[in-house]
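# Overview (structure and organization)
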Amino acid sequence: MNVKVAKTAGFCFGVERAVTTVSKLSEDADKTVYTYGPIIHNEDVVNKLAGRGVRVLNTLEDVLALDRGTVVIRSHGVARDVHDRMMARSEETNGAVTIVDATCPFVKKIHRIVSQESEAGKRIIICGDAKHPEVQGIVGWCKHGAAVIDTYEEASEIAEKNDEAPCIVAQTTYNYTKFKELVEILSKMRYYSSDSVVNTICNATEERQAEAQELAHSCDAMVVIGGLNSSNTRKLYELSKQFCGHTFYVQAADNLELRDFQSFRSVGITAGASTPRNIIEEVQKNMEDMNFEQLLEESLKTIHNGEVVSGTVIRVKEDEIVLNIGYKADGVITRSEYTNRPNADLRELVKEGSTLEAKVLKVNDGEGQVLLSCKKLMGERVSQQLQDAFDNKTVLKAPVASVEEKGLIVVVDETRIFIPASMVSDTFERDLSKYKDQEIEFLLVEYDVKSRKKRIIGDRKQLLVAQKKAKMEEVLGRIQVGDVIDGVVKNITDFGVFVDIGGVDGLLHISEMSWGRIENPKKVFKTGDTVKVFIKDIKGEKIALSMKFADQNPWANAEDRYAIGTIVTGTVARMTTFGAFVELASGVDALLHVSQISHKRVEKPADVLSIGQEIEAKIVDFKPEEKKISLSMKALAPAPVEEVEAETEADAE
């Protein structure tokens, strides 16, 4: 294996300066040395310094509580207020507390820039990680605060809303390419100019990132060394990962699993600015000294036909997959042993680096390779899964692959299951096409894969019936006759409407839809309508509904409204040979007998009246117990002259 180490890997100038400062101070046994926060983001270095008596103070209050000792400000720097209060504490103790500022010169430069520019009224914009101590320190040197951005969305938001003259800087370890992209977005600000940008990214950072990118391009694998909390190491890892899929992030040599590298011909090594040279050298030495041939031999295993193996995909062709299965020969899965799709392009289904399980068909396929099958393994597992589901009556869920003339075909991991039309629903459905591509639940009611027919039959109806029964029991347990509820019209027939009242159906008969006359429910309701009904009757699982609410009964107080002698107005609703029925109000019809239409002889009502005609008549009879009202139009019309004369002559006699 060819191992390439980046020349720029490891401590940068600022970090090395800070670590060296602390190391020299700790040599004096009479001094107690503290660092304000971990001196660098590397546990190994921090632990070694701790072994020499160096202590870490994490808050300003910890520093202000000291009576003596030396406090080193790390290379990240601190805010102006923190710096000034530390110095004041040193003066208060007459130098018993000594402050040593090991802030990186590049960071110090940013402090001066943002301090001067913010004093001049500029809006400071920092490209970096707002949670990083370096960035928090920079913000503390800005007179009026600063905007910290790390995403394109944040840059766009500032560019659109900010009308102040900007000063744009960057965290010293920031990704240079991303910095340029963010600046491009910020250049749309109203008062932006070329003087608005100061590239404060450390030269060493730019060089380290450029070299990491170059190594990632040319090597089969990359190792990035550094503390997990190190911002610049994290950026190196992300950058390397873009160009090399096999990139590993480790803190030290102990974190390396060397077997992961046995198939790589070249490996690049880079490290963050907080990584000591000795850790880099240890990683390099371990990789170069490892006998991969011996390692490979130790890891080889014996396999047999029928065994299940797991391996990493190392190559994918249109019709073939090659796996490293830890055996002296690679495993091969042909297209027909991976999928039932005859023309599938395996490159679209499987990616290099992924892990697959398969069954060994032949240890040697005649060409020195191991012939494997994913499909056979899956088939056996699915077969057992389906057998268990059949035995235990387990509910299965699967998509409907196709709609056949006699039912549905669902697929469970490429195993076809037939659901006959009679078992699809608990009601007759003429058109099953609506189920195409739907995911449905079902039970297996027949599972026979050993006979020649291989019948696997599913049943959805059982589940629906059971669900409806459970729902019916639940609803019946909470409703009673007289309850008023809201329902949804589910189905409409000539004799009534079926209404969903919470998961179960109730029947609203045509005679219970209104106090008036309903000719056809389909003219009054449509599927999906919300209706207010009340429970009229419950018989077993049959629920009768009604919309004839008592307070809307048109016959209430009818004796007063329709007393004999009252003159009323109504509409001709229907006619027979013996008279016309006149609607006085919704649900209240009165009979206008043919003999009461006119003083003249009328053969049939249709000769003088028409449906929908409004008439005025007098109530001549009312039988409330029978809900019968008789009308007379004749009683309101003056009698003909002949009748009057006849009555007069009769009176004279």
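All residue numbers refer to positions counted from 1 along the written sequence of the respective chain. In view of the model being predicted, local features appear only for residues whose pLDDT reaches at least 70, and side-chain atom pairs are presented and counted only at 80 or more, with totals across whole chains, interfaces and linings using the full set of residues. Values reported for side chains reflect all heavy atoms of the structure, with hydrogen atoms and water molecules removed beforehand.

### A word on the packing of helix H7 (residues 152–161) against helix H8 (residues 176–186)
Two measures define how a pair of helices packs: the angle their axes make with one another and the distance between the axes. Convention adopted: a line fitted to C-alpha atoms gives each axis, helices being fitted over their contacting stretch, and angles between N-to-C directions are expressed from 0 to 180 degrees. A helix here means a DSSP run of H or I that spans at least four residues, while a strand means a run of E at least two residues long, and both kinds are numbered starting from the N terminus. Where H7 meets H8, the axes come as close as 8 Å, and the angle between the chain directions of the two elements is 25°. Taken together, the axis directions place H7 and H8 in an arrangement best described as roughly parallel. Where H7 crosses over H8, the handedness of that crossing is right-handed. Mapping the contact onto sequence places Tyr-152, Ala-155, Ser-156, Ile-158 and Ala-159 in H7 and Lys-178, Glu-181, Leu-182, Ile-185 and Leu-186 in H8. For this classification, the nonpolar set comprises Ala, Val, Leu, Ile, Met, Phe, Trp, Tyr, Cys and Pro, the charged set comprises Asp, Glu, Lys and Arg, and every other residue, Gly included, is treated as polar. Partitioned by chemical class, the residues of the contact of H7 with H8 number seven nonpolar, one polar and two charged. In what follows, roughly perpendicular refers to angles from 65 to 115 degrees, roughly parallel to angles under 35, roughly antiparallel to angles over 145, and oblique to any angle outside these ranges. Crossing handedness follows the turn of the near helix against the far one: under a right angle anticlockwise gives a left-handed crossing, and clockwise gives a right-handed one. Here, residues are in contact when the closest pair of their heavy atoms is within 4.5 Å.

### Considering the sheet that holds strand S30 (residues 614–623)
Strand pairing requires that DSSP identify at least two bridges connecting the strands. Strands sit in the order S27-S28-S29-S31-S30 around a closed barrel of five strands; the barrel is mixed. Sheet twist, expressed as the average angle between the axes of neighbouring strands with direction ignored, equals 55°. By the bridge criterion, two bridges tie strand S29 (residues 588–593) to strand S31 (residues 628–632) in an arrangement that is parallel. Within the sheet, the bridge partner assigned to Leu-591 lies in S31 and is Ser-630.

### Quick notes on the sheet that holds strand S5 (residues 97–101)
In spatial order, the strands read S3-S2-S4-S5; together these four strands make up an open sheet with parallel pairing. Edge positions in the sheet fall to strand S3 (55–57) and S5, since each has one partner strand and no second. Strand-to-strand twist in this sheet, taken as the mean axis angle between neighbours without regard to direction, amounts to 30°. With five bridges connecting them, strand S4 (residues 69–73) and S5 associate as parallel partners. Residue Ile-73 lies in a different strand from S5, and its bridge partner there is Asp-101.

### Digging into the pairing of strand S27 (residues 567–575)
Sheet analysis places S27 next to S30, joined by five bridges and oriented antiparallel. Counted as the bridge partner of Thr-571 is Glu-614 from S30. Bridge analysis of S27 against strand S28 (residues 579–585) gives four bridges, and the strand direction is antiparallel. Counterpart to Thr-571 in the pairing with S28 is Glu-583.

### Some details on the side chain of Thr-275
With respect to the helices and strands, the residue Thr-275 is situated in the loop between strand S11 (266–271) and helix H11 (277–289). The buried label applies to any residue whose accessible area, calculated with a 1.4 Å probe on protein chains only, is under 20% of its type's maximum; exposed applies above 50%, and partly exposed to all values in between. Given the relative accessible area of 0%, Thr-275 is considered buried. Definition of a polar contact: a pair of N or O atoms within 3.5 Å, with one able to donate and the other able to accept a hydrogen when the atoms are protein atoms, and with sequence-neighbouring residues admitted only if both atoms are side-chain atoms. In terms of polar contacts, Thr-275 uses its side chain to reach the backbone carbonyl oxygen of Ile-225, at 3.1 Å. With residues near it in sequence (within four places) discarded, Thr-275 still touches Gly-10, Phe-11, Asn-42, Ile-225, Gly-226 and Ile-280.

### Quick notes on the environment of Ile-321
Positionally, Ile-321 belongs in strand S13 (residues 320–324). C-alpha separation for the pair Ile-321 and Leu-371, spaced 50 residues apart in sequence, amounts to 10 Å.

### What to know about empty space enclosed by the protein
Here a cavity denotes a set of grid points, spaced 1 Å apart and computed over the protein atoms alone, in which a 1.4 Å probe fits but from which it cannot get out, and a pocket denotes an open set meeting protein on both sides within 12 Å along at least five of seven lines; residues with an atom within 4 Å of a point are reported as lining. Grid points are joined across faces, edges and corners, and a volume is the space filled by probe spheres set on the points. The final tally for this structure, using the stated rule, is three cavities of 30 Å³ or more. When its volume is computed, the largest cavity comes out at roughly 190 Å³. Counting residues per element, the ones that place at least two in the lining of the largest cavity are helix H1 (13–25), helix H5 (105–119), helix H9 (203–218) and helix H10 (231–243). Within the lining of the largest cavity, the residues separate by chemical class into eight nonpolar, 12 polar and two charged. Here the second largest cavity is characterised by a volume of approximately 50 Å³. In terms of lining, the second largest cavity is formed by Thr-35, Pro-38, Ile-39, Val-46, Leu-49, Ala-50, Val-54 and Val-56. Of the residues forming the lining of the second largest cavity, the biggest block, three residues, is contributed by helix H2 (residues 43–51). Across the lining of the second largest cavity, the residue classes break down as seven nonpolar, one polar and no charged.

### A short note on the pattern of salt bridges
When charged atoms on two side chains of opposite charge get close, those side chains can pair. Each reported salt bridge corresponds to a side-chain nitrogen of Lys or Arg within 4 Å of a carboxyl oxygen of Asp or Glu. The full count for this structure, using the stated rule, is 30 salt bridges. In this structure, Glu-446 engages Arg-455 in a salt bridge whose closest nitrogen and oxygen atoms are separated by 2.8 Å. One salt bridge connects Lys-532 with Asp-486, and the closest N-O pair in it is separated by 3.2 Å. Residue Lys-532 is located in strand S25 (residues 530–539), and its partner Asp-486 is located in strand S22 (residues 484–492); the two are separated by 46 residues in the primary sequence. Looking at Lys-532, the relative accessible area reads 46%, which means it is partly exposed. Residues participating in the shared-partner salt-bridge network are Asp-67, Arg-89 and Glu-92.

### A word on the packing of H9 against H10
Interhelical geometry of H9 versus H10 gives an angle of 30° and a closest axis separation of 8 Å. When the axes of H9 and H10 are compared, the pair comes out roughly parallel. The hand of the H9/H10 crossing is right-handed. Contacts between H9 and H10 pair Arg-208, Gln-209, Ala-212, Gln-213, Ala-216 and His-217 from the former with Lys-235, Leu-236, Leu-239, Ser-240 and Phe-243 from the latter. Grouping the constituent residues of the contact of H9 with H10 by class yields five nonpolar, four polar and two charged.

### So, the nonpolar core
Grouped together as the largest cluster of nonpolar side chains are 24 residues, with contacts concentrated most on Val-223, Ile-225, Leu-256, Phe-261, Ile-269, Val-283 and Met-287. Of all the secondary-structure elements, those providing two or more residues to this core are H9, strand S9 (221–225), S11 and H11. To define a nonpolar core, start from buried Ala, Val, Leu, Ile, Met, Phe, Trp, Tyr and Cys residues and group those joined through side-chain atoms within 4.5 Å. Formed by 21 residues, the second largest nonpolar core is a distinct cluster that contains Tyr-562, Val-582, Val-594 and Phe-622.

### What to know about helix H4 (residues 80–92)
An α-helix turns once per 3.6 residues; consequently, residues spaced three or four apart project the same way. A helix is expected to reach a length of 1.5 Å times the quantity of its residues less one. Look at H4: 18 Å from first C-alpha to last across 13 residues, which is about the 18 Å you get at 1.5 Å a residue. When we look at burial in H4, the residues that qualify are Val-82, His-83, Met-86, Arg-89 and Ser-90. Angular distribution of buried residues about the axis of H4 spans 125°; they occupy a single face of the element. Away from its buried face, by an angle of more than 90 degrees, H4 presents the exposed residues Glu-91 and Glu-92. Elements that come into contact with the buried residues of H4 comprise strand S2 (33–36), helix H3 (60–64), S4 and S5. Remark: Asn-94 follows H4 within two positions and exhibits a positive phi of approximately 55°. By arc we mean the arc of the directions from the helix axis to the C-beta atoms, nothing more.

### Brief notes about the packing of aromatic side chains
Put simply, two rings from Phe, Tyr or Trp (the six-membered ring, in Trp's case) pair if the centres are within 6.5 Å, and we call them stacked under 30 degrees between planes, edge-to-face over 60, tilted for the rest. Across all of its chains, the model carries four aromatic pairs by this definition. Summarising the aromatic geometry, the rings of Tyr-237 and Tyr-249 are spaced 5.4 Å apart at their centres and angled 45° between planes, so their arrangement reads as tilted. Residue Tyr-237 is located in helix H10, and its partner Tyr-249 is located in strand S10 (residues 247–250); the two are separated by 12 residues in the primary sequence. Both rings, one in Phe-495 and one in Phe-498, keep their centres 6.3 Å apart while their planes meet at 90°; by these two values the pair is edge-to-face. By relative accessible area, which is 42% here, Phe-495 ends up partly exposed. The residue whose ring lies beneath Lys-178 is Tyr-152, and the NZ or CZ to ring-centre distance is 5.9 Å. A cation over a ring is seen here: Arg-574 above Phe-581, with NZ or CZ 4.5 Å from the ring centre. Counted as over-ring charges are cases with an Arg CZ or a Lys NZ within 6 Å of the ring centre that also lie within 35 degrees of the ring normal.

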